[in-house]
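Take a look at the letters that make up each chain.
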Amino acid sequence: MMSKSLIEKHSTSSPDENDAILLFSEDSHEIYWLGIPEHTAFRSNTYLIKSGDEGIIVDPGHRAYFSRVFERVRKIMDPSQISGLILCHQDPDVAASMTDWLNINPDLKIISSPRTHILLPYYNDGEYTHYDVVEQTVYRFSSGHEIEFIEAPFLHFAGAFVSFDRTSQFLLSGDIWGAIQMDWQLVVNDFEEHQTYLDMFHIDYMASNIACKGFVEKIRPLSPKALLPQHGSIIGGNNVKAALDYLDQLQCGTDIAYPHLSISS
Ligand SMILES: [Fe+2]
Ligand SMILES: [Fe+2]
């Protein structure tokens, strides 16, 4: 299949981050970055998957950023046509603006894991359409394009999961491969340097090497073309393999807190 990814192009130029940035386009299937322009070390990425007339927002973000994300969506499509939100877990930087999106369209589906659905009603009254994600659940757009979900237990939440867009082969990875970096760029150029920024987040947040290794084992066969995290730069091209290897080898969480008990190699 011909790749219609724009990730490589964005790794060599600096796109205008004050607007939505198109990352992939094929027929009527498009993926956009809708992130915030603030230069903070822990900035959040939000993504839009638009397929035909339908749109799904991945990790819509905190309420403080809702109006800006909404404006970006409005330039691309009618926001009332947003039919679902994918929430990779319940953290406020991921999920709090679900309240605002439900005000726009009370019928939209909240796509998340059962463990996350237990906690999401703390943001509203639980009055929303649940769409449950378990291992290998597939969401099918009316256009026929599909998103596959893969569970990522304890990275960092027990019920965390990632979303694999089968058309672009982009993996929308939530907090996994998230980075803390002041010197932000849309796409990673130098992965060796980027590992320092990944370390700053992963070593404390991710549960253990076993949790990372088990997840990588499930992801490798998908051969993702790019990793789109909720924090920090997008990882594309040759750096995908390096990023998978990085996570596979990572010592983190309980490996660090209780080294004398660690059973990982
Ligand atoms: Fe989180
Ligand atoms: Fe996060």
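Everything discussed here concerns the structure shown above.
What you see as residue numbers is a count from 1 along each chain, following the sequence as written. Here the convention is simple: chains get letters from A, ligands get numbers from 1, in the order in which they are written. Owing to the predicted nature of the model, reporting of local features is limited to residues with pLDDT of at least 70; listing and counting of side-chain atom pairs is limited to 80 or more, with chain, interface and lining totals taken over all residues. The side-chain figures draw on all heavy atoms in the structure; neither hydrogens nor water molecules are used.

K.L.:
In this structure, what is going on with the sheet that holds strand E3 (residues 47-51)? I would like to understand it.
P.N.:
Strand pairing in a sheet relies on backbone hydrogen bonds, with the paired strands running either antiparallel or parallel. Any two strands between which DSSP finds at least two bridges are classified as paired. Numbering goes from the N terminus for both helices and strands, where a helix is a DSSP run of H or I of at least four residues and a strand is a run of E of at least two. The mixed open sheet is built from seven strands, whose spatial order is E1-E2-E3-E4-E5-E6-E7. Only two strands of the sheet have a single neighbouring strand rather than two, namely strand E1 (21-26) and strand E7 (129-132). The mean angle between the axes of side-by-side strands here comes to 20°, regardless of whether they run parallel or antiparallel. Bridging between E1 and strand E2 (residues 29-33) involves five bridges; their strand directions are antiparallel. The partner of Glu26 across the bridge, within E2, is His29. Between the N-to-C directions of two axes lies an angle of 0 to 180 degrees, each axis being a line fitted to C-alpha atoms and, for a helix, fitted only over the stretch in contact.

K.L.:
Explain the coordination of the iron ion (ligand 1) to me, please; I cannot follow it from the model alone.
P.N.:
For a metal bound by four donors in tetrahedral geometry, the ideal donor-metal-donor angle is 109.5 degrees, whereas six donors in octahedral geometry ideally sit at 90 or 180 degrees. Water is not among the atoms examined, so metal sites may look incomplete; donors are the N, O and S atoms within 2.8 Å of the metal, or within 3.2 Å for Na, K and Ca. Protein-derived ligands of the iron ion (ligand 1) are His89 (NE2), Asp91 (OD), His156 (NE2) and Asp175 (OD), with the metal-ligand distances lying across 2.0 to 2.2 Å. Geometry is assigned from donor-metal-donor angles: four donors are tetrahedral when every angle falls between 85 and 135 degrees, four are square planar and six octahedral when opposite donors sit over 155 degrees apart with all other angles between 65 and 115, and any other arrangement is irregular. Note that the iron ion (ligand 1) binds four donor atoms; their angles at the metal cover 87 to 177°, and the shape is irregular. Here the term buried applies to any residue with accessible area under 20% of the maximum for its type, exposed to any over 50%, and partly exposed to those in between, with areas from a 1.4 Å probe on protein chains only. Accessibility expressed as a relative area gives 21% for His156, which makes it partly exposed.

K.L.:
How should I be thinking about the coordination of the iron ion (ligand 2) in this particular structure?
P.N.:
For the iron ion (ligand 2), every protein donor is listed as Asp93 (OD), Asp175 (OD), Gln230 (OE1) and His231 (NE2), and the spread of their distances is 2.1 to 2.4 Å. Each of the four donor atoms bound to the iron ion (ligand 2) contributes to angles spanning 80 to 173°, and the resulting shape is irregular. Coordination of the iron ion (ligand 2) draws on donor residues from a single chain, spaced D-x81-D-x54-Q-H in sequence. A spacing of 3.6 Å is found between the iron ion (ligand 2) and the iron ion (ligand 1), which share Asp175 as a donor. One end of the pair, Asp93, is in helix H3 (residues 92-95); the other, His231, is in the loop between strand E12 (226-229) and strand E13 (235-236), with 138 residues separating them in the sequence. The burial state of Asp93 is the same as that of His231; both residues are buried.

K.L.:
I'm lost on unusual backbone geometry in this one. Help?
P.N.:
Most of the time, phi is negative for any residue but glycine, and the peptide bond is trans. The step from Leu155 to His156 runs through a cis peptide bond, and the omega angle for that step is -10°. For Phe154, which is not a glycine, the phi torsion comes out positive at approximately 70°. Relative to the elements of secondary structure, Phe154 occurs in the loop between strand E9 (146-151) and strand E10 (161-165).

K.L.:
Honestly, the pattern of salt bridges in this entry has me stumped. Any pointers?
P.N.:
Oppositely charged side chains are able to pair whenever their charged atoms sit close together. We define a salt bridge as a contact between a side-chain nitrogen of Lys or Arg and a carboxyl oxygen of Asp or Glu at a distance within 4 Å. In this structure the tally under the stated criterion is 11 salt bridges. Three or more residues joined by partner-sharing salt bridges are found here, namely Arg140, Glu146, Glu148 and Arg166.

K.L.:
Any chance you could explain the environment of Pro60 here in plain terms?
P.N.:
Looking at where Pro60 falls in the secondary structure, it is placed in the loop between strand E4 (54-58) and helix H2 (66-76). Between the C-alpha atoms of Pro60 and Phe70, which are 10 residues apart in sequence, the distance is 9.5 Å. With sequence-adjacent residues up to four places away left out, Pro60 is seen in contact with Thr46, Val69, Leu85, Ile86, Leu87, Val94, Ser97 and Trp101. Here a residue-residue contact requires only that any non-hydrogen atoms of the pair lie within 4.5 Å.

K.L.:
Help me understand a negative patch on the surface, please; the structure alone is not making it clear to me.
P.N.:
Without a salt bridge and with relative accessible area above 30%, a residue can belong to a patch; like charges are then joined within 9 Å and nonpolar side chains (Val, Leu, Ile, Met, Phe, Trp, Tyr) within 5 Å. The protein chains shown are the only cover counted for residues, whose accessible areas, like all others here, come from Shrake-Rupley with a 1.4 Å probe. We count Lys and Arg on the positive side and Asp and Glu on the negative side, and we leave His and both chain ends out. Working definition for charges: the position is that of NZ of Lys, CZ of Arg, CG of Asp or CD of Glu. Together, Asp183, Asp190, Glu192 and Glu193 line one region of the surface with negative charge. With respect to the helices, strands and loops of the structure, Asp190 is situated in the loop between strand E11 (170-174) and helix H6 (191-205). Classification of Asp190 by relative accessible area gives partly exposed; the value is 39%.

K.L.:
Any chance you could explain the nonpolar core here in plain terms?
P.N.:
In a soluble, globular protein the nonpolar side chains are often hidden away together inside. To form a nonpolar core, buried Ala, Val, Leu, Ile, Met, Phe, Trp, Tyr and Cys residues must be joined to one another through side-chain atoms within 4.5 Å. Core analysis: the largest hydrophobic core is formed by 30 residues, its most contacted members being Leu155, Leu171, Ile176, Trp177, Phe215, Ile219 and Leu247. Counting only elements with at least two residues in this core, the list comes to E10, H6, helix H7 (209-219) and helix H8 (239-249). Not counting residues up to four positions away in its chain, the partners in contact with Leu247 are Ile176, Trp177, His202, Asn209, Cys212, Phe215 and Val216. In this structure, Trp33, Phe141, Phe170 and Val187 belong to the second largest nonpolar core, which totals 26 residues.

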